[in-house]
Amino acid sequence: MSTTQTKKNNITDAEWEIMRVLWAQAPLESRQIIDRILALHPWKEATVKTLIQRLVDKEALAKNTLVSPYQYTPLVDQIQVSNEKLDQVFQKNCTKDAGALIQHSLDIATLSQADCQRLIQVLETKAQTAPVQVACQCPPGQCHCHLHSHHA
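An account of the accompanying structure is given in this report. Predicted model only: the values in this text are computed from it and were never measured. (Residues numbered from 1 in each chain as written. Predicted model: local features only at pLDDT ≥ 70, side-chain atom pairs only at ≥ 80, totals over all residues. Heavy atoms only, no water.)

Some points on a nonpolar patch on the surface
Together, Leu-86, Val-89, Phe-90, Ile-102, Leu-106, Leu-111 and Leu-119 make up an exposed nonpolar region whose accessible area comes to about 520 Å². Only α5 (78-91) and α6 (98-108) provide two or more residues apiece to the nonpolar patch. Among the elements that line the nonpolar patch, the one with the most residues is α5, at 3 residues. Inspection of the secondary structure assignment puts Leu-119 in helix α7 (residues 113-129). By relative accessible area, which is 34% here, Leu-119 ends up partly exposed. (Patch = residues over 30% accessible without salt bridge, like charges linked within 9 Å, V, L, I, M, F, W, Y side chains within 5 Å. Areas by Shrake-Rupley, 256 points an atom, 1.4 Å probe, with all protein chains shown as cover. Salt bridge = Lys/Arg side-chain N within 4 Å of Asp/Glu carboxyl O. Helix = DSSP H or I, 4+ residues; strand = E, 2+ residues; numbered from the N terminus. Buried < 20%, exposed > 50% of the residue type's maximum accessible area, 1.4 Å probe, protein only.)

Describing the pattern of salt bridges
Under the definition given, this model contains 5 salt bridges. Ionic pairing is found between Asp-35 and Arg-31, a salt bridge with its closest N-O pair at 3.1 Å. Placement of the pair is Asp-35 and Arg-31 together in helix α3 (residues 30-40), with a separation of 4 residues, close to one helical turn. For Asp-35, a relative accessible area of 43% gives the class partly exposed. Between Glu-45 and Arg-31 there is a salt bridge; the shortest N-O distance is 3.2 Å. Of this pair, Glu-45 sits in helix α4 (residues 45-57) while Arg-31 sits in helix α3, and the two are 14 residues apart along the sequence. For Arg-31, a relative accessible area of 37% translates into the label partly exposed. Among the charged side chains, a network of salt bridges with common partners joins Arg-31, Asp-35, Glu-45 and Lys-49.

Some words on the packing of α3 against α4
At their nearest, the axes of α3 and α4 sit 10 Å apart, and the two run at 120° to each other. With respect to α4, the element α3 is oriented oblique. Crossing angle aside, the handedness with which α3 passes α4 is right-handed. Two secondary-structure elements touch here, α3 through Ser-30, Arg-31, Ile-33, Ile-34, Ile-37 and Leu-38 and α4 through Glu-45, Val-48, Lys-49 and Ile-52. Tallied by class, the residues present in the contact of α3 with α4 amount to 6 nonpolar, 1 polar and 3 charged. (Axes fitted to C-alpha atoms, helices over the stretch in contact; angles between N-to-C directions. Parallel < 35°, antiparallel > 145°, perpendicular 65-115°, else oblique. Left-handed = near helix turned anticlockwise from the far one by under 90°. Contact = heavy atoms within 4.5 Å. Nonpolar A, V, L, I, M, F, W, Y, C, P; charged D, E, K, R; others polar.)

Pasting the structure below:
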């Protein structure tokens, strides 16, 4: 991933709240963003303005200065950013834990019947070439696998 892409997608939890408003309905003026955020959070108006500017600086939001008042539009896609955050979670964990992480996601997610059918199809296809056991790829000392345990 490029440095610019990493910068765009390195969105904090507070910034994510701003992005959700804009992903839902853009373009929006800063006043509209502020009003929507303040209806959801006990933040100060200056905090929301700062978050908007940080997102512009990160190139996650475009600021249209050709209109008055200025309007803001997302430059990053919500699903793409979410997928990249999920990728980071998987990269930070042992490859042997992927199944447990996915199962937890399925346990907490609300899925439609169509979603379930798509997931079943993906799993059936994946099962055809899946290894009997997933190999640990962690550096020694960074996971709980028996492959890296120290024997006295």
